[in-house]
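# Notes for the structure review
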Amino acid sequence: MTLHHRPVRTASRRAAQAVATLGAAVLLLTACGGGSDSAESKPSGEKSAKADSSSSKTRTVKDATGTAVEIPAEPKRIVTLTQEDLDAVLALDLKPVGITNGQGLDKPPAYLADKVEGINIVGNLLQPVMDKVVAAKPDLILAGDMQDEQVLKQLREITPATLVTMAPTDDWKLFFRGVGNAVNKLDAANKFITDHEAAAKAAGEKLGKNKGAEVSIVRWNPDGPSWMENKQFASGVALEMGLKRPKSQNKDGNAHTPSLSLEKINEIDGDWLFLSTLTSDGAKALKDVQDKPAYKELGAVKNKQVVTVDGSVWSTRGGPLAADVVMEDYVKALSAK
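Presented here is an overview of the structure given in this document. What you see is a predicted model, and the numbers here were worked out from it, not measured in a lab.

### Concerning the sheet that holds strand β13 (residues 272-276)
- What the four strands build is an open sheet, ordered β12-β11-β13-β14; its pairing is mixed. Strand pairing shows two members of the sheet lacking a second neighbour, β12 (224-227) and β14 (306-308), which therefore form its edges. Sheet twist, expressed as the average angle between the axes of neighbouring strands with direction ignored, equals 30°.
- Sheet topology note: the strand β11 (residues 215-221)/β13 ladder contains five bridges and is parallel. The partner of V215 across the bridge, within β13, is W272.
- Relative to the sheet, helix α12 (residues 320-335) contacts β11, β13 and β14, its axis offset from that of β13 by approximately 135°.

Structure below.
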């Protein structure tokens, strides 16, 4: 099975990404279209006089490209085309009818596996199999950061209610709020974020001697390691917990750096080193370097403070459930010593 990988988001791409200023924020701009707006939902016990026609009510939202899209007011059959869309929908207690495999995987991501059992897989990440999407009978397709116009055209022929849910510079909270609004659960998305932020702050206060520790966050690629800038997903969770980044990594961007040569491996050092991979080639490259003197001389390696984490969670665009997993990984590692 051919796997699809998003292009690596490195600092060299940030200039091109900067032009994408609309982002998921535009998903928060809604207009009523034949039904109730999300901010005007009825009390749970109130019966609508037009209950039989509730499925035909629609709302209009702007997706992450600024395109106005008419969608069901209460979508019932959601198909998600990225791991992030799936994460967001599940966090809002919705069960999609079709999903794609996780990033770098030929199956759903392990951290969501128990929540998606029995759901039909309609393709790989951003590579839907159209016949399978049709069979899912979606009334809403969440298409992540899909940029292939031909694929989008095909999806919109299946249902015009197809949303690009994230732009290149969107963080997980902005994206999650946009998805929350699209499925008429913005209040629930905001509460999840508030609860997560409070939990992260509280968890960081309980780390004992590792409170405020410097954490290096690295993905090992086939051609070497790259570290996360401050606004990249797992780094953002660390900062919420009051953790710090090493001086060499304290850069206010939202990407991974280009892969480093062995001569610059000292840039990945820190009090603690959190390592992930996304591909089997990356895992092999990491295993090979662990026998080299340059790796063994890293302070975190000498102090036995290297933690291997799941790249399909840590090294992605991120989502609400993934953010909680990353927080728990930090707590487990930093509370143990």
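After that view of the structure, there is still more to cover.
### Some details on the pairing of β12
- Relative to β12, β11 is paired through four bridges, and the arrangement is antiparallel. Its bridge partner being in β12, N221 is matched across the sheet by G224.

### Remarks on the pattern of salt bridges
- Scanning the model with the defined rule gives 11 salt bridges in all.
- A salt bridge links E229 to K251, with the shortest nitrogen-to-oxygen separation between them at 4.0 Å. Of this pair, E229 sits in the loop between β12 and α7 (233-240) while K251 sits in the loop between α7 and β13, and the two are 22 residues apart along the sequence.
- In this structure K251 comes out as partly exposed when scored by relative accessible area, which is 38%.
- Of the charged contacts, one joins E297 and K302 as a salt bridge, the two residues approaching to 3.0 Å between their closest N and O atoms. For the residue pair E297 and K302, the accessibility class agrees, reading exposed in each case.

### Description of the nonpolar core
- In terms of nonpolar packing, the biggest core is built from 56 residues, with F176, V215, M241, L243, F274, W314 and Y330 touching the most fellow members.
- For this core, the element with the most residues is α12, which contributes eight residues.
- Ignoring any residue separated from it by four or fewer positions in sequence, one finds L243 in contact with L207, N210, G212, A213, V215, A238, Y330 and L334.
- Judged by nonpolar contacts, the second largest core, of 17 residues, contains L81, V97, M130 and V151.

### Points about α12
- With 16 residues, α12 extends 23 Å from end C-alpha to end C-alpha; this agrees with the ideal 22 Å at 1.5 Å per step.
- When α12 is considered as a whole, its buried residues turn out to be P320, L321, A322, A323, V326, M327, Y330, A333 and L334.

### Some words on the pairing of β11
- Burial runs high along β11: seven of the seven residues are buried.
- Where burial is concerned, the two faces of β11 agree: the one with V215, I217, R219 and N221 and the one with S216, V218 and W220 are both buried.
- Here β11 folds back onto β12, and the loop between the two strands holds two residues.

Analysis parameters
Residues numbered from 1 in each chain as written. Predicted model: local features only at pLDDT ≥ 70, side-chain atom pairs only at ≥ 80, totals over all residues. Heavy atoms only, no water. Pairing = 2+ DSSP bridges. Helix = DSSP H or I, 4+ residues; strand = E, 2+ residues; numbered from the N terminus. Axes fitted to C-alpha atoms, helices over the stretch in contact; angles between N-to-C directions. Contact = heavy atoms within 4.5 Å. Salt bridge = Lys/Arg side-chain N within 4 Å of Asp/Glu carboxyl O. Buried < 20%, exposed > 50% of the residue type's maximum accessible area, 1.4 Å probe, protein only. Core = buried A, V, L, I, M, F, W, Y, C linked by side-chain atoms within 4.5 Å. Expected span 1.5 Å × (residues − 1).

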